[in-house]
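One letter stands for each residue in the lines below.
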Amino acid sequence: HEVRCCSDTRINRWSKRSESCPWADSVDGMGGCHSDKTFAEAEAICIEAGARLCTKDELEADCTAGTGCGHDRDLIWSSDVQTTPSANPLPPPPL
């Protein structure tokens, strides 16, 4: 996946699209654009930039849109863990 990072504090040249969004970027302070990285690599890139991986909600709210590298339609690593459905889900409650 590709890498975009978020920060709750201002980082020079990073964008903040709205009050509900963190500061975000894909290039500045990250050593350029990053594609085809593992989760661990993405996390390390963001930490090195003084930031963190963005959350799923931040990505879905387009907080990182237009921050560079042409990643707007790409898969981006997030800090959220995807839960795997249980092999034996509970039956629905009776009506």
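Below is a summary of the structure that appears in this document. (Residues numbered from 1 in each chain as written. Predicted model: local features only at pLDDT ≥ 70, side-chain atom pairs only at ≥ 80, totals over all residues. Heavy atoms only, no water.)

1. Some thoughts on the packing of aromatic side chains
Rules: Any two rings among Phe, Tyr and Trp, with Trp reduced to its six-membered ring, count as a pair given centres within 6.5 Å; such a pair is stacked if its planes are under 30 degrees apart, edge-to-face if over 60, and tilted if neither. Segments assigned H or I by DSSP are reported as helices when at least four residues long, segments assigned E as strands when at least two residues long, and all are numbered from the N terminus. Any Lys NZ or Arg CZ that is within 6 Å of a ring centre and within 35 degrees of that ring's normal is treated as a charge sitting over the ring.
Applying the stated criterion across every chain, the model contains 1 aromatic pair. Judged by centre distance (5.6 Å) and plane angle (75°), the rings of F39 and W77 are edge-to-face. Of the two residues, F39 sits in helix α1 (residues 39-48) while W77 sits in the segment after α2 (56-60), which places them 38 residues apart along the sequence. Just above the ring of W23 sits the side chain of R10; from NZ or CZ to the centre is 5.6 Å.

2. Quick notes on the side chain of H71
As a reminder, the rule being used: With a 1.4 Å probe rolled over the protein chains alone, any residue whose accessible area is under 20% of its type maximum counts as buried; one over 50% counts as exposed, and the rest are partly exposed. Whenever two N or O atoms come within 3.5 Å, that pair is a polar contact, provided that in protein one can donate a hydrogen and the other can accept it, and provided that, for residues adjacent in sequence, both atoms are side-chain atoms. We call two residues contacting when some pair of their heavy atoms lies within 4.5 Å.
Among the secondary structure elements, H71 is positioned in the segment after α2. A relative accessible area of 3% places H71 in the buried class. Looking at H71, its side chain comes within polar contact range of the side chain of D74, at 3.0 Å. Every residue in contact with H71, bar those within four places of it in the chain, is listed here: E2, V3, R4, H34, S35 and I76.

3. Points about the nonpolar core
As a reminder of what qualifies: The nonpolar core is taken to be a set of buried Ala, Val, Leu, Ile, Met, Phe, Trp, Tyr and Cys residues, with the residues joined through side-chain atoms within 4.5 Å.
V3, C5, I11, W14, W23, M30, A42, I45, C46, A49, A51 and L53 together form the largest nonpolar core, which totals 12 residues. Among the elements that take part in this core, α1 stands out by supplying 3 residues, more than any other. Aside from chain neighbours lying at most four places away, what touches C46 is V3, R4, C5, A51, R52 and L53.

4. A short note on the layout of surface pockets
The line we're drawing: Only protein atoms enter the 1 Å grid used here. Points where a 1.4 Å probe fits but cannot escape make up a cavity, open sets with protein on both sides within 12 Å along at least five of seven lines make up a pocket, and a residue lines them when an atom lies within 4 Å of a point. Grid points are joined across faces, edges and corners, and a volume is the space filled by probe spheres set on the points. All residues other than Ala, Val, Leu, Ile, Met, Phe, Trp, Tyr, Cys, Pro, Asp, Glu, Lys and Arg, Gly among them, are scored as polar; the first ten of these are nonpolar and the last four charged.
If you add up the space inside the largest pocket, you get close to 430 Å³. For the largest pocket, the lining is made up of 17 residues, of which K56, L59, E60, I76 and S78 are closest to its centre. Broken down by element, the lining of the largest pocket gets its largest block of residues, 3 residues, from α2. Taken together, the residues of the lining of the largest pocket sort by class into 5 nonpolar, 5 polar and 7 charged.

5. Some details on α1
Selection criterion: Relevant arc is that of directions from the helix axis to the C-beta atoms, nothing else.
Within the sequence span of α1, burial applies to A42, I45 and C46. Seen from one end, α1 has its buried residues packed into an arc of 95°, which puts them on one side. Across from the buried face of α1, at angles greater than 90 degrees, the exposed residues are A40, I47 and E48.

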